[in-house]
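Here is how the chains run, residue by residue.
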Amino acid sequence: MEFEFHVTLSDLSQQEKQTFIRICEEENVKPVLIELDQGEHIHQPMITGIVHSEDFQDVQRIIEEISITFRNNGFTVVRTKVEIPAKEERFFKQPIVPHSRPYFEWHGKVQVEDVNRLKHICAGTEGHISRNSLHKNGSIRFVTVREYEHADHFYRSVEEIHNILQSNQIELIKQQYELCIYDTREELDRGWI
């Protein structure tokens, strides 16, 4: 199975960003500097990687090894998150990780010149806006939908976002449907989700 992991660090100074990117390159993981459009924790620098395994313990071991590397370089790990493809829906009701609360998440990548317009058309929907500040193109944004209760509601919410984007001539560049099976600090998204 494919596991995608995210390790979030405390916010970085300008000087730390270069070291962060260098270590990511050395560790063969992707650096991401998430900026939420609102919330208590706007800046969320994270490391993203993929593990192919049938054993979740392999994933945990790899995450811990990478986390140790960053800790040894003076960074503070504040969150760990693991996602699998949303089609693995059976793990929504039967968690892989005991005592976890799985949730569905969809990310749609769009390019807009008027970010306020995107926020306006997503207002009142389940769509939440963010960006990766490492993208040179400042007009790239992500719309995220998260659902904790029902798969059907998740897919309806995503369809609503699709329809709104299409009716406003905003092209969906890329999208990803996921099931988060492990999240150590969901509260970092308070005020955003």
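Residues numbered from 1 in each chain as written. Predicted model: local features only at pLDDT ≥ 70, side-chain atom pairs only at ≥ 80, totals over all residues. Heavy atoms only, no water.

Caption draft 1: Fine view of the environment of Ile 21. In this structure, Ile 21 sits in helix H1 (residues 14–27). C-alpha of Ile 21 to C-alpha of Lys 174: the two residues are 153 residues apart in sequence and 24 Å apart in space. In this structure Ile 21 touches Pro 31 and Leu 134, once residues within four positions along its chain are discounted. (Helix = DSSP H or I, 4+ residues; strand = E, 2+ residues; numbered from the N terminus. Contact = heavy atoms within 4.5 Å.)

Caption draft 2: Quick peek at the domain arrangement of the chain. Domain assignment breaks the chain into domain 1 (2–85) and domain 2 (103–179). On a C-alpha basis, the centroid separation for the pair domain 1 and domain 2 is 22 Å. In this assembly, domain 1 packs against domain 2 so that about 1,200 Å² is buried in total across both faces, 42% of it on carbon and sulfur atoms. If you sort the residues of domain 1 by the area they bury against domain 2, Leu 33, Glu 35 and Asp 37 come out on top, with a joint share of 40%. Between Lys 81 and Glu 105 there is a salt bridge whose closest N-O contact spans 3.0 Å. Our count for the domain 1 to domain 2 interface comes out at eight residue pairs in polar contact (both at pLDDT 80 or more). Mapped onto the side of domain 1 that touches domain 2, the elements with two or more residues apiece are strand S2 (30–36) and strand S4 (77–85). Of the residues in the side of domain 1 that touches domain 2, the class split is nine nonpolar, no polar and six charged. (Domains from an automatic or database assignment. Buried area = accessible area lost by both parts, 1.4 Å probe. Salt bridge = Lys/Arg side-chain N within 4 Å of Asp/Glu carboxyl O. Polar contact = N/O pair within 3.5 Å; in protein donor to acceptor, adjacent residues only side chain to side chain. Nonpolar A, V, L, I, M, F, W, Y, C, P; charged D, E, K, R; others polar.)

Caption draft 3: Structural detail: the pattern of salt bridges. By the definition in use, this model includes 14 salt bridges. One salt bridge connects Arg 190 with Glu 40, and the closest N-O pair in it is separated by 3.4 Å. One end of the pair, Arg 190, is in the segment after strand S8 (172–183); the other, Glu 40, is in the loop between S2 and strand S3 (43–52), and 150 residues separate them in sequence. Among the residues examined, Glu 40 registers a relative accessible area of 48% and is labelled partly exposed. With its nearest N and O atoms 2.7 Å apart, the salt bridge here joins Asp 189 to Arg 146. With Asp 189 in the segment after S8 and Arg 146 in strand S7 (residues 140–147), the pair connects residues that are 43 residues apart, well separated along the chain. For the pair Asp 189 and Arg 146, a shared accessibility class is recorded, and that class is buried. Beyond isolated ion pairs, a larger network of salt bridges with shared partners links Arg 79, Lys 81, Glu 83, Glu 105, Arg 146, Asp 183 and Asp 189. (Buried < 20%, exposed > 50% of the residue type's maximum accessible area, 1.4 Å probe, protein only.)

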